[in-house]
Amino acid sequence: MYGQELGATQRDGIEAGTEELEAAFQARIDNNERIEPKDWMPEHYRKTLIRMMGQHAHSEIVGQLPEGNWITRAPTLERKQILLAKVQDEAGHGLYLYSAAETLGVTRDDLTEQLLSGKMKYSSIFNYPTLNWADIGAVGWLVDGAAIMNQVPLQRTSYGPYSRAMIRICKEESFHQRQGFDIMRKMANGTPEQREMAQDALNRFWYPSLMMFGPSDKESVHSDQSMKWRIKINTNDELRQKFVDQTVPQAEFLGLSVPDDKLAWNEEKGGYDFSEPDWNEFFQVIKGNGPCNEERIEARRKAWDDGAWFRDALTAHAEKQAQRRGEGVLQAAE
Amino acid sequence: MSKDWPLWEIFIRGQHGLNHRHVGSLHAPDAEMAMNHARDVYTRRKEGVSIWVVKSVDITASSPSEKGPLFDPAESKTYRHPTFYDIPDEVGHM
């Protein structure tokens, strides 16, 4: 329904004069209204949103891989149930976001193919490996913590379906961070070896987590127009600062140290001064040269290819059922 | 010759940004007239900014007798809720 209607509205738009439409569109956004699938929207807005929401959805799906890696090796049955529930949530979050992106006239298969071909990206963080159980704690605490920081403001984003997906996701996300912190707490208060593992996981995940907010505002290419359109609410640096300010006291509580010599409270700005991550590394990881890029895409490709017969079988089954029902009706009519 | 009109389920978006919510149903011969009727019946006091009409026969609903098997398994999975985890006050909001 959306696809057809959207096409019609857009053609009308070009005839009616794009400049006026764009001004009216911007006025609605400034007035804090939501844009819905059937509304006229600038083509660039639509494309930018498909890129953002697609990347977001891909991140949820690819994000299942580093954690799924530990489901069978969780230390207790309870931890295993919890991790399984979390990974299940991520699949659901991917689904909400793909469905929301589809309201913009792109198909799910298109998005999947663009992920597999490397044309679309996913969050750089998931190209780092999870080497031991402490990493599962660090991922929940830091990675989900950073994701929440990013997602909470997006609940107020201008595109209705995206905003509603974010509201649902944020509601479910809080348990993810808490279970991670809970693992870290257990380990930080455990044996010396467990403590060491917790510290090591923090050391390895700290800077990659800071990278999750994207490049520094000085270098971010998509920011200005996206903020005007309210598909981005805060700048990358703002969110990174908030994340550091929230996380440092949590690390202190755990008795772990953040791996940054320059970390210091700055009374004047009311926040911490901290070292920037290595942006060279970030761009390398984005380009495909991170420790796990190939492995992640390969896993997705394998799942897609190996699942093809199953998707086909479900379609064949549905067709057969429909045919049987159809035949049944025909027979009754005769 | 009279013919029974199909039943339509009506969904209204109350305000910008919210989901459409089911408000009721009505009979109409086609989608366009269902839309007109929905507008007249369900938005006389400006209750909405958008309407969806869906043929009732196109909705597949779970049966009340399936309630147990469908939803009870979630009951024991309390670890899906943030309150399952004890976060000390001094850690702050999480």
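Computed from a predicted structure; not experimentally measured.

1. Considering helix α12 (residues 279-289) of chain A
Residue and element names in this part refer to chain A.
Reasoning step 1: Every buried residue of α12 is accounted for by Trp279, Phe282 and Val285. Taken down its axis, α12 places every buried residue within 120 degrees of arc, on the same side. Exposed and oriented more than 90 degrees from the buried face of α12 are Asn280, Lys287 and Asn289.
Reasoning step 2: At its buried positions, α12 is contacted by α9 (192-211), α11 (236-254) and α13 (293-306).
Reasoning step 3: Of the residues flanking the start of α12, the one acting as N-cap is Asp278, its side-chain oxygen 3.0 Å from the backbone nitrogen of Asn280.

2. Overview of the confidence of the model for chain B
Reasoning step 1: Per-residue confidence for chain B gives a mean pLDDT of 94, with 99% of residues at or over 70.
Reasoning step 2: Interface confidence for the predicted complex, given as ipTM, is 0.89, next to a pTM of 0.90.

3. Comments concerning empty space enclosed by the protein
Residues and elements named next belong to chain A.
Reasoning step 1: Scanning all chains against the criterion turns up one cavity of 30 Å³ or more.
Reasoning step 2: The calculated volume of the largest cavity comes to roughly 40 Å³.
Reasoning step 3: Pro66, Ile125, Phe126, Tyr128, Val139, Val143 and Phe205 together form the lining of the largest cavity.
Reasoning step 4: For the lining of the largest cavity, the class distribution of residues is seven nonpolar, no polar and no charged.

4. A closer look at the interface of chain B and chain A
Reasoning step 1: Contacts between the two partners involve 20 residues from chain B and, on the opposite side, 23 residues from chain A.
Reasoning step 2: Buried surface at the junction of chain B and chain A, both sides included, amounts to about 2,100 Å², of which 59% is carbon and sulfur.
Reasoning step 3: Considering only the surface of chain B that becomes buried against chain A, Tyr79, Tyr85 and Met94 of chain B emerge as the three largest contributors, covering 33% of it.
Reasoning step 4: Summed over the shared surface of chain B and chain A, the number is one salt bridge.
Reasoning step 5: As a salt-bridge pair, Glu36 of chain A and Arg13 of chain B come within 3.2 Å of each other at their nearest N and O atoms.
Reasoning step 6: At the junction of chain B with chain A, the criterion picks out nine residue pairs in polar contact (both at pLDDT 80 or more).
Reasoning step 7: Residues belonging to the side of chain B that touches chain A are distributed by class as follows: 10 nonpolar, six polar and four charged.

Here is what the cut-offs are and how they apply
Residues numbered from 1 in each chain as written. Chains lettered and ligands numbered in written order. Predicted model: local features only at pLDDT ≥ 70, side-chain atom pairs only at ≥ 80, totals over all residues. Heavy atoms only, no water. Buried < 20%, exposed > 50% of the residue type's maximum accessible area, 1.4 Å probe, protein only. Helix = DSSP H or I, 4+ residues; strand = E, 2+ residues; numbered from the N terminus. Arc of directions from axis to C-beta. Contact = heavy atoms within 4.5 Å. Polar contact = N/O pair within 3.5 Å; in protein donor to acceptor, adjacent residues only side chain to side chain. pLDDT = per-residue confidence, 0-100. 1 Å grid on protein atoms, 1.4 Å probe; cavity = no way out; pocket = protein on both sides within 12 Å on 5 of 7 lines; lining within 4 Å. Points joined across faces, edges and corners; volume = space filled by probe spheres on them. Nonpolar A, V, L, I, M, F, W, Y, C, P; charged D, E, K, R; others polar. Buried area = accessible area lost by both parts, 1.4 Å probe. Salt bridge = Lys/Arg side-chain N within 4 Å of Asp/Glu carboxyl O.

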